[in-house]
Amino acid sequence: MAWRLFEEKDLAAMYRKYRLSSYDQVHNLIFNYLEKKKGKPFTLAVDIGCGSGQSTRGLASYFDKVVGIDVSEAQIEEAKKVDGPDNVSYRLGLAEELEFEDGSVDLVTSGTAAHWFDMEKFMKEAERVLKPKGCVALYCYANPTLLGYDNCPEDPAQIVEEMFALLEPYETKGYKTVWTDYQEQFDAITFPDKERAEDIYIKFKKPVSWIKGYLKSFGIYQIYLKKDPENADASLDQIEQRLINALGGSSETIVEFSLKYYCLLASKPE
Ligand SMILES: C[S@@+](CC[C@H](N)C(=O)[O-])C[C@H]1O[C@@H](n2cnc3c(N)ncnc32)[C@H](O)[C@@H]1O
């Protein structure tokens, strides 16, 4: 099963350290959609495939209660280690078997996880647990791109792309849907009232060393590591060193990235 990739404790710890928290821009967009389609009250939001809670905590100010669900015990343990708002809790569970009452949820959301779901089963469950006009919001993002470095001996942006390209041979069928902006997931949404929000760009700064940690936190990196343990880390180290040389800095040099999000939004019929 694909989700077994996320059960390692080390991976969950990497997740907590290196994954990006969902940006307010994305949560605002989802909340505005829910407000338009369903309106108040906003009692309960469920964040599925919550990982170590980076997509969950940002929902706290919009809802009375937020529950993060993940199939991996290690991820849930990591999520619970982070101090967070009192109205957020975490539970072990599956996207395809949601343990919530019929018609009890205002928002079912998922950040960078829907490519691991069985969408047919997930949609049946989303339809069951959502209130009338309640919403589904599934979002994801492409690989971050490095911004603005001229006059380097090698193009640093190109080197970062090479780092991510190391993972391409290990992409699962589900994972490849990330590159089509979740077209498959969009088609699988059974609610007639559905739309996409595209091209949401976010800029952020991180040290060079972050890229390697972020890449190692990918489920598909675990496949690479298992299939080619001798080369996986070594290849990554070599490319990182080229990046450091190109920038003329160190692994702690701060660089700027751009990230493109997209989001599928849908509202349950009345
Ligand atoms: C890429 S992480 C996303 C974590 C977090 N939402 C974020 O925005 O970074 C995907 C998470 O989905 C979980 N997952 C995968 N398949 C799942 C399923 N069928 N039901 C529940 N969780 C699932 C994995 O255990 C993993 O923690």
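Structure first, text after, so check above.
Residues numbered from 1 in each chain as written. Predicted model: local features only at pLDDT ≥ 70, side-chain atom pairs only at ≥ 80, totals over all residues. Heavy atoms only, no water.

1. Some thoughts on the environment of C50
Inference 1: Within the fold, C50 resides in the loop between strand 1 (44-48) and strand 2 (65-70).
Inference 2: C50 sits in the buried class, given a relative accessible area of 1%.
Inference 3: Spatially, the C-alpha atom of C50 lies 19 Å from that of E127, the residues being 77 residues apart in sequence. (Helix = DSSP H or I, 4+ residues; strand = E, 2+ residues; numbered from the N terminus. Buried < 20%, exposed > 50% of the residue type's maximum accessible area, 1.4 Å probe, protein only.)

2. Considerations on the site of the ligand
Inference 1: Y15, G49, S55, D70 and G111 are the nearest of the 22 residues found near the ligand.
Inference 2: Within the backbone of G49, one N or O atom sits 2.8 Å away from a nitrogen atom of the ligand.
Inference 3: In this structure, A95 approaches the ligand through a main-chain N or O atom, which is 2.9 Å from a nitrogen atom.
Inference 4: Considering the ligand on its own, with 600 Å² of exposed area, one finds that the protein chains cover 99% of that surface.
Inference 5: Grouping the constituent residues of the shell around the ligand by class yields 10 nonpolar, nine polar and three charged. (Near = heavy atom within 4 Å. Polar contact = N/O pair within 3.5 Å; in protein donor to acceptor, adjacent residues only side chain to side chain. Areas by Shrake-Rupley, 256 points an atom, 1.4 Å probe, with all protein chains shown as cover. Nonpolar A, V, L, I, M, F, W, Y, C, P; charged D, E, K, R; others polar.)

3. Looking at the pattern of salt bridges
Inference 1: Overall, the coordinates contain 19 salt bridges when judged by the stated rule.
Inference 2: When the shortest N-O distance is used, the salt bridge between E171 and K176 registers 4.0 Å.
Inference 3: Residue E171 is classed as buried on the basis of its relative accessible area, which comes to 14%.
Inference 4: Judged by its relative accessible area of 43%, K176 falls in the partly exposed class.
Inference 5: Shared partners join several salt bridges into a network, and the residues in it are R16, E78 and K81. (Salt bridge = Lys/Arg side-chain N within 4 Å of Asp/Glu carboxyl O.)

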